[in-house]
Amino acid sequence: RSYIFDSAGAMLAVAPRGLEPLGPHQHPGVESELVQKTAHGQPGLFLEDLEDAVGTKLLGASVWDSRHLLGSGVEIEEREVFELYDEVKRAILASLFAVSVLCLSLLFLLNNARRRMTRGIDLTRARLESTIAERTAALAELNHDLRRESEQRMRHAWELERIRGELEEANHKLAELASTD
């Protein structure tokens, strides 16, 4: 509300949305604490301890023109002033809550993906270890067979060497016998 008033506190114009002059018989008494304080020489900014007749908390400002003996004041409900602030605060808190929920959801999804990847890596590692164990066992068996076969060949080679030696000796004896006859 906006006011224009005289030194007695009588309203000359009141407007909720724009100043409208009051008629000659419409001079209500002092309705506002702001008007009362300004008419008694205390104009200024009223940021606390200002209430209307119903007890609604107000914020206001007033000036006094001593040359024309007129005062002008503006009042607004404290609730109206902070309504936008509260709305923005609620929107910010809602946004923060939504971002928190999104972050927690993302963390949950990433954790599930990490668990699945770890499980996949563990299964792959187990299969690889199993394959390595199977191939190592097969190689050990082949190595054993190769050693056994190598030992057999060595025995056969020694046996052949021994037999060749015996044959040479037998041939030598036969040649001696044949030359003595």
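From a predicted model like this one, the values you see are computed outputs, not experimental measurements.

Undergrad: Describe the overall build of the protein chain, listing the residues and the values that go with them.
TA: Assigned secondary structure in the protein chain consists of two helices and six strands. Element order for the protein chain, N to C, with α for helix and β for strand: β-β-β-α-β-β-β-α. The burial tally for the protein chain puts 13% of its 181 residues in the buried class. For the protein chain, the computed accessible surface area is about 14,600 Å², with 61% contributed by carbon and sulfur atoms.

Undergrad: Tell me about the pattern of salt bridges, and please be specific about residues and values.
TA: By the definition in use, this model includes nine salt bridges. Its salt-bridge partner being E149, residue R153 comes within 3.0 Å of it at the nearest N-O pair. A residue pair is termed a helical-turn pair when its members lie 3 or 4 positions apart in one helix, as R153 and E149 do in helix 2 (residues 78-180) at four residues. For E149, a relative accessible area of 39% gives the class partly exposed. The partner of E169 in a salt bridge is K173, with the nearest N and O atoms 3.7 Å apart. Taken together, the residues span about one helical turn, with E169 and K173 both in helix 2 at a distance of four residues. If you follow the salt bridges from partner to partner, you end up with E77, R79 and E83 in one network.

Undergrad: Tell me about the nonpolar core, and name the residues and values.
TA: The biggest cluster of nonpolar side chains holds eight residues, and these are Y3, F5, M11, L34, V35, F46, L50 and L58. Elements with a contribution of two residues or more to this core: strand 1 (2-6) and helix 1 (33-39).

Undergrad: Could you give an account of the pairing of strand 5 (residues 58-65), with specific residues and numbers?
TA: Sheet faces and side chains relate simply in a regular strand, where the side chains alternate between the two faces. Bridge analysis of strand 4 (residues 44-46) against strand 5 gives three bridges, and the strand direction is antiparallel. Looking at strand 5, one finds that F46 is bridged to G60. Bridging between strand 5 and strand 6 (residues 70-77) involves eight bridges; their strand directions are antiparallel. If you follow S62 over to strand 6, its bridge partner there is G73. Hairpin connection from strand 5 to strand 6: four residues lie between these consecutive antiparallel strands, with L69 at a positive phi of about 55°.

Undergrad: An account of the confidence of the model for the protein chain is requested, with residue identities and associated values reported.
TA: Of the residues in the protein chain, 88% have a pLDDT of 70 or more, and the chain-wide mean is 84. Across the protein chain, the element-wise mean pLDDT spans from 52 in strand 3 (residues 20-21) up to 93 in helix 2. Here residues 23-30 is modelled with pLDDT under 50, and outside its nearest four sequence neighbours on either side it reaches 13 contacts, counting other chains as well.

Undergrad: Break down the pairing of strand 6 for me, with residues and values.
TA: When strand 1 meets strand 6, the two strands line up antiparallel, connected through five bridges. What sits directly across from F5, in strand 6, is G71.

What counts and what doesn't
- Throughout, a residue's number is its position along its own chain's written sequence, starting from 1.
- For this predicted model, a pLDDT threshold of at least 70 governs which residues receive local features, and a threshold of 80 or more governs which side-chain atom pairs are given and counted, while totals over whole chains, interfaces and linings are taken from all residues.
- Excluded from the side-chain calculation are hydrogens and water; included are all heavy atoms of the structure.
- Think of it this way: any DSSP run of H or I at least four residues long counts as a helix, any run of E at least two long counts as a strand, and we number them from the N terminus.
- Relative accessibility decides the category of a residue: with a 1.4 Å probe and only protein chains considered, values under 20% of the type maximum give buried, values over 50% give exposed, and everything between is partly exposed.
- The Shrake-Rupley method, run with a 1.4 Å probe, gives the accessible areas here. Residue values count only the displayed protein chains as cover.
- Whenever Lys or Arg places a side-chain nitrogen within 4 Å of a carboxyl oxygen from Asp or Glu, that contact is recorded as a salt bridge.
- In plain words, nonpolar cores are sets of buried Ala, Val, Leu, Ile, Met, Phe, Trp, Tyr and Cys residues tied together by side-chain atoms within 4.5 Å.
- Here, strands pair whenever DSSP counts at least two bridges between them.
- Each residue carries a pLDDT value, the predictor's own confidence for that position, ranging from 0 to 100.
- Contacts are assigned to residue pairs with any non-hydrogen atoms lying within 4.5 Å of each other.

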